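Structural overview
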Amino acid sequence: MMRLLFALLALFIGPTLTMQQTFAQQAMPPAPYAYVQLEDPALEAEAAELMGTLRCLKCQSQSINDSDAPMAGDMRHQVRTRILAGESPEQIRSWLVERYGDYVSYEPEVSSTTWPLFAIPLLLLAVVGLVLMRRLGKRRSDAEEVN
Amino acid sequence: MIAELGLAALWLSTALAALQMISGAMGIRDGAASPFAIYARPAAVVQAFLAVLSFFLLLYAFAVTDLSIKLVATNSHSAKPLIYKLTGTWGNHEGSMLLWVAVLALSGGLLAGLEHRLKEKTMSATLAVQGFVAIGFYSFLLLSSNPFERLPVPAIEGGGLNPLLQDIGLAIHPPTLYIGYVGLSVAFSLAMGALITRQVTPDFAKVLRPWVLGAWVFLTFGITAGSYWAYYELGWGGWWFWDPVENASLMPWLAATALLHSVSVLAARDALRTWTIMLGVLAFSMSMLGTFLVRSGVLTSVHSFAVDPERGSFILALLGLYIGGALVIFALRAGSISEGKRFSMTSREGALVFNNVMLSAILAIVLLGTLYPLLTEAFDVRVSVGPPYFNPAGAIFAIPMFVVMAIGPLLRWKDDKPARIQFELALVASIVIAIIALVAIFGDYNVLPVLGLALAVGLGVAALLPLRGRSLRRVPVATWGMVCAHFGIAVALFGMASESAFTTERLAAVAPGDAEEVGGWTVQLESIAPVAGPNWTAIEARVLASRGGGEPTILAPQSRNFWSPPQPTSESALITRWDGQLYVVIGDQAGTDESGNPRWQLRVWWKPFVTFIWYGGLLVAFGGILSIFGRVRVDLKRRNAAARGDVRREELDALNDSGPLPEPAE
Amino acid sequence: MRPIYLIPLALFLFFAGLAGYQLTQPKLQNIPSQMIEQPLPEFTLQPAFEGLPGASRSDFVGGQPRLLNIWASWCLPCIAEAPHLERLEEAGVEIIGVSIRDRPEAVASFLNQHGNPYTRIGADDISALMLDIGASGVPETYVIDAEGNIRYQHIGDIRTDTVPLLLEILEEVR
């Protein structure tokens, strides 16, 4: 969804090569499904949800659903044609992850490199429960004693 | 001359910060007895004046496009409209850092000039810490990011400003956000001052509260404005992507939100002493961490500045000095501060503690997800963490938090019986369940947006319940503030949930005359024409949008090409209705239709209630303003009453001392 | 001093250490393909212009190891790498090109201007092959052995010192 500009940023993205490439590539029409939705709204919804969680490889930090980069358009074309051919979103995601690694997906899967992302929230949940039990649970009896 | 004056003002400010620090440190030991302690306050005030002056001098240099200054030559252009010349001052690393230190000095100056309620020793310690922090950031600016550096030969023309920044959003978003970020430095200094002098008391909390609230109001407003800016400027209709830099602005907000609630507990009930101090340290630490992440380039973000590892190391050293130092003092001293008064689980404090812990957990999740790629990259593995991670992981803690947030304000301090508020509990619970059932019947939506909608309505009703059965004119202003802010959260949550559940999208290649349907709107491309601005050319589409066959509204989205620096941007066009926004973007040409007319990419979204996100944000900020106003007024009244009492006592004493009145002379 | 109050400090020191270490490391810019040591996917691409045939997977099977060069006429680093590709060609390496989102006339004039080291050039207008082999940008060069397996990926333009490296790898996978 949101890309550029946020915080302190007065972000400075220099006019880099990517930019010049963008200009030159405008000469070629985009891939058929880069900017065209699937006819079936249910399939399009599946595709859109998936595209919102795939990373544009030519951009700084944008999903392919939020980017005008030609390669993002080509990736959208792949996603839509594959959905149309009957593949499931998760099949398409793993097809891309097999080629680009976890970097291409904004949805980390539990793996040898990402397990702390899931273990730490669980640990946090336990710690939070413990803190609340200690802070609130015991206090009550303390308060009764004091009173 | 302007540049040299600005630089001199900065060096002088640095010297004054050193004076403030030393004088404050003397005051810690001896209190007001030390003859040297009296310099801290004036040093802070004069420093504020000089740092702000320095910033205005840079502003002037940008206004007149002084191309002999390197920063102006690199980042400005004489053909830009004046407003963007001015806002371009903080559209780059050095200028924004100068704004940062100017706000830092101004906060310190205001604190020194206005705050007279604290014990002198605590105040000295606070000013010493504020001076110490300021010295570091002045050095950073002067030694590695001098904004006033001259070019040996003035440039003929400037390099220009990133076109995405040439927008009114740049005038509003960074300054408000910086005031929020850096305003938290006062909370940090006060917390450290109280910790060093062991004065973590309700009186200290009352002093701390308006500063936290003030910074928090600006943060809330800054984030809201930034989100809306990104929404309309970037041309894809997104308003939050969990980008590292977005997260860098959210984390201080989460910490400050937790802090302002725990400060209330400390002020009202003398509980949560160490926790409040910890949050005071944490909030500003998150601000500094954000500055580090954005300016060091260790994380990949679309928002980052030109990257320079030397600057990164400098800020990291400052982080180590201030955050590390504060945490060492905390570890040494926290044990000597008792926990404070006790309370039961079913009490106002109990609910506030619960939500404090939840906010901290959300903060931990955001921090983990943001920094995790940094960790794996140390092992040469690149991963991406985005919305599919943050949304559910955050929701685990956010959902219980919203539930308790609905109930908490209805509970009494210290101890309460849930049976007393059973009507309110039943009302809110039935609303939430009814909405979940209703949405589930009418459509197939994801779990989180449905829960969000239901909780938003339940919370919206619950937020108003504290007013029930009270004479509205007698409700304290601060209570109005709380009601308004909580209601604002409900409104924003409703907007977020509605946007993600109900948005409809239409992408199409259309020739002039063609029409498309989206979300009950008919959108017709009428014509395409080239237009030119002061530093860009564009193709502009004339689009007619009508709803349910009503009068059409004319929209003019543009696809712009800026020439200095050369970059294309999409200027979206919006129609705002009470129940949502129509969002129209014109893209590139896309071939021709059967009869040979050129077709254009048209992207249209209907986003029901999306505006509630930002209305909610504004309500939250407004609630904060009401609270500051209410609290300060009550405090002033009490102080005046106390002062009047003192005067009367003194007069009485004087009368008594002077003995029987002498007989009037004839 | 209770140990629990040391936890925030410990977490901060861990972060500061990590951040400090990362500041000294070169930033990872490339997204390496995960397809190394995998068979080259099946593909058939039309000729990019009239002068040379198109490319397909079967063109990589049998005989010598070959280079697969992903490039485009609109890509500036591709101009820089053109002379180095020529040197590889002179060393007897067969280079099969795949041009991304390119027009035939642009391909022809690029080759006229900067030389033609290719035996075949396939046109990939929708980055299909690019995505299938895990390439994330232009230019990239892959070493494909005679069995049609991907053995090595070079990201970015080929420079003077890349030429002997590629020749060495081509020899190794023979």
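1. Comments concerning the overall build of chain A
Looking only at helices and strands, chain A has 5 helices and 0 strands in total. Helices and strands appear in chain A in the N-to-C order α-α-α-α-α. Here chain A holds 147 residues, and the buried ones make up 45% of them. Nonlocal contacts in chain A, meaning residues at least 24 apart in sequence, comprise 53% of its contacts between residues at least 6 apart.

2. A few points about the overall build of chain B
Each helix and strand counted, chain B has 17 helices and 10 strands in total. Compactness check: chain B gives a C-alpha radius of gyration of 28 Å against a globular reference of 26 Å for 666 residues, within 12% of the reference. C-alpha atoms of chain B, sized along the principal axes, occupy 110 × 75 × 75 Å. Buried residues in chain B amount to 56% of all 666 residues. Sequence-distant contacts, at least 24 apart, represent 76% of the contacts inside chain B between residues at least 6 apart.

3. Quick notes on the nonpolar core
Val101, Ala187, Val212, Ala255, Ala256 and Leu459 of chain B are the most contacted members of the largest nonpolar core, which totals 264 residues. Sort the elements by how many residues they give to this core and helix H8 (residues 202-233) of chain B lands first, with 19 residues. Grouped together as the second largest cluster of nonpolar side chains are 29 residues, Ala31 and Ala34 of chain A together with Ala508 and Val518 of chain B included.

4. A short note on the pairing of strand S7 (residues 566-571) of chain B
Direction of pairing for strand S6 (residues 558-563) of chain B relative to S7 of chain B: antiparallel, over a ladder of 6 bridges. Among the inter-strand pairings, phenylalanine 562 of chain B is bridged to a residue of S7 of chain B, identified as glutamine 567 of chain B.

5. A closer look at the packing of helix H5 (residues 93-114) of chain B against helix H7 (residues 168-196) of chain B
Residues and elements named next belong to chain B. In contact at an axis separation of 9 Å, H5 and H7 are set at 45 degrees when each is read in the N-to-C sense. With respect to H7, the axis of H5 lies oblique. Crossing of H5 over H7 shows right-handed handedness. Residues Ser96, Leu99, Trp100, Val103, Leu104, Ser107 and Leu111 of H5 form the contact with H7, whose own contacting residues are Pro174, Pro175, Tyr178, Ile179, Val182, Gly183, Ser185 and Val186. For the contact of H5 with H7, the class distribution of residues is 11 nonpolar, 4 polar and no charged.

6. Regarding the environment of threonine 257 of chain B
Within the fold, threonine 257 of chain B resides in helix H9 (residues 244-269). Sequence spacing of threonine 257 of chain B and alanine 361 of chain B is 104 residues, and the spatial spacing of their C-alpha atoms is 13 Å.

7. Here's the deal with unusual backbone geometry
Residues and elements named next belong to chain C. Cis geometry marks the peptide bond from valine 138 to proline 139, where omega comes out at -5 degrees. Its place among the elements puts proline 139 in the loop between helix H4 (128-132) and strand S6 (140-144). Located in the positive-phi region is arginine 101, a residue other than glycine, with phi close to 45 degrees. If you trace the backbone, arginine 101 turns up in the loop between strand S4 (95-100) and helix H3 (104-114). Of the residues examined, arginine 101 has 29 C-beta atoms within 10 Å and is grouped as buried.

8. Concerning the interface of chain C and chain A
Listed as interface residues are 16 residues of chain C and, on the opposing side, 21 residues of chain A. Residue composition of the side of chain C that touches chain A, by class: 7 nonpolar, 6 polar and 3 charged.

9. Concerning the confidence of the model for chain A
Residues and elements named next belong to chain A. In the predicted model, chain A carries a mean pLDDT of 77, and 73% of its residues have values of at least 70. The secondary-structure element of chain A with the lowest mean pLDDT is helix H1 (residues 17-25), recorded at 39, while helix H4 (residues 89-100) shows the highest, at 95. Scored below 50 in pLDDT, residues 1-26 makes 92 contacts in the model with residues more than four places away or belonging to other chains. The low-confidence segment residues 139-147, where pLDDT is below 50, has 11 contacts with residues more than four positions distant or belonging to other chains.

10. So, the sheet that holds strand S3 (residues 66-71) of chain C
Residues and elements named next belong to chain C. What the 5 strands build is an open sheet, ordered S5-S4-S3-S6-S7; its pairing is mixed. Whereas interior strands pair on both sides, the edge strands pair on one side only; in this sheet they are strand S5 (118-124) and strand S7 (150-155). For this sheet, the mean angle separating the axes of adjacent strands, direction not counted, is 20 degrees. Bridge count for S3 against S6 is 5 bridges, and the pairing is antiparallel. For isoleucine 70, the partnering residue across the bridge sits in S6 and is glutamate 140.

11. A few points about the environment of alanine 590 of chain B
On the secondary structure map, alanine 590 of chain B appears in strand S9 (residues 580-592). C-beta crowding within 10 Å serves as the criterion here: with 20 such atoms nearby, alanine 590 of chain B is assigned to the buried category. For the pair formed by alanine 590 of chain B and valine 182 of chain B, sequence separation is 408 residues and the distance between their alpha carbons is 48 Å. Residues in contact with alanine 590 of chain B, not counting those within four places in the same chain, are Pro29 and Tyr35 of chain A together with Ala509, Arg599, Trp600 and Gln601 of chain B.

12. Some words on the packing of H7 of chain B against H8 of chain B
All names here are of chain B. With their axes 7 Å apart at the nearest point, H7 and H8 run at an angle of 155 degrees to one another. One element, H7, and the other, H8, form an angle in the roughly antiparallel class. Crossing handedness for the pair H7 and H8: left-handed. A breakdown of the residues in the contact of H7 with H8 according to their chemical character gives 21 nonpolar, 8 polar and 1 charged.

13. Some thoughts on the sheet that holds strand S8 (residues 573-577) of chain B
All names here are of chain B. Overall, antiparallel pairing links the 4 strands, which are arranged S1-S10-S9-S8 in an open sheet. In this open sheet, the two edge strands, each paired with only one partner strand, are strand S1 (504-510) and S8. Strand after strand, the sheet turns through a mean of 20 degrees between neighbouring axes, direction not considered. Looking at chain direction, S9 and strand S10 (residues 598-608) are connected through 9 bridges and run antiparallel. Within the sheet, the bridge partner assigned to tyrosine 583 lies in S10 and is tryptophan 605.

14. Here we look at the pairing of S8 of chain B
Residues and elements named next belong to chain B. Note that S8 and S9 share 5 bridges and pair antiparallel. Residue arginine 577 lies in a different strand from S9, and its bridge partner there is glycine 580. Here S8 folds back onto S9 in antiparallel fashion, the turn holding 2 residues.

15. Here's the deal with helix H6 (residues 120-144) of chain B
Side chains that are three or four residues apart share a direction in an α-helix, a result of its 3.6 residues per turn. Taking 1.5 Å per residue as the helical rise, H6 of chain B with its 25 residues ought to reach 36 Å, and the 36 Å between its terminal C-alpha atoms agrees with that figure. With 20 of its 25 residues buried, H6 of chain B lies for the most part within the structure.

16. Observations regarding H9 of chain B
Residue and element names in this part refer to chain B. Over its 26 residues, H9 runs 37 Å from end to end, which matches the ideal 38 Å to within 8%, given 1.5 Å per residue. Most of H9 sits inside the fold, with 24 of its 26 residues counted as buried. Where H9 terminates, the next one or two residues include aspartate 270, which has phi positive at roughly 55 degrees.

17. What to know about the environment of leucine 411 of chain B
Residue and element names in this part refer to chain B. Looking at where leucine 411 falls in the secondary structure, it is placed in the loop between helix H13 (387-407) and helix H14 (422-442). Remark: the alpha-carbon pair of leucine 411 and glutamate 349, spanning 62 residues in sequence, is separated by 8.8 Å. Excluding its chain neighbours within four sequence positions, the residues that come into contact with leucine 411 are Thr346, Ser347, Arg348, Ala351 and Asp416.

Reading the values: the criteria
Residues numbered from 1 in each chain as written. Chains lettered and ligands numbered in written order. Predicted model: local features only at pLDDT ≥ 70, side-chain atom pairs only at ≥ 80, totals over all residues. Helix = DSSP H or I, 4+ residues; strand = E, 2+ residues; numbered from the N terminus. Buried ≥ 20, exposed ≤ 12 C-beta atoms within 10 Å, placed from the backbone. Contact = placed C-beta atoms within 7 Å. Rg over C-alpha atoms; globule rule 2.2 N^0.38 Å. Core = buried A, V, L, I, M, F, W, Y, C linked by C-beta atoms within 7 Å. Pairing = 2+ DSSP bridges. Axes fitted to C-alpha atoms, helices over the stretch in contact; angles between N-to-C directions. Parallel < 35°, antiparallel > 145°, perpendicular 65-115°, else oblique. Left-handed = near helix turned anticlockwise from the far one by under 90°. Nonpolar A, V, L, I, M, F, W, Y, C, P; charged D, E, K, R; others polar. pLDDT = per-residue confidence, 0-100. Expected span 1.5 Å × (residues − 1).

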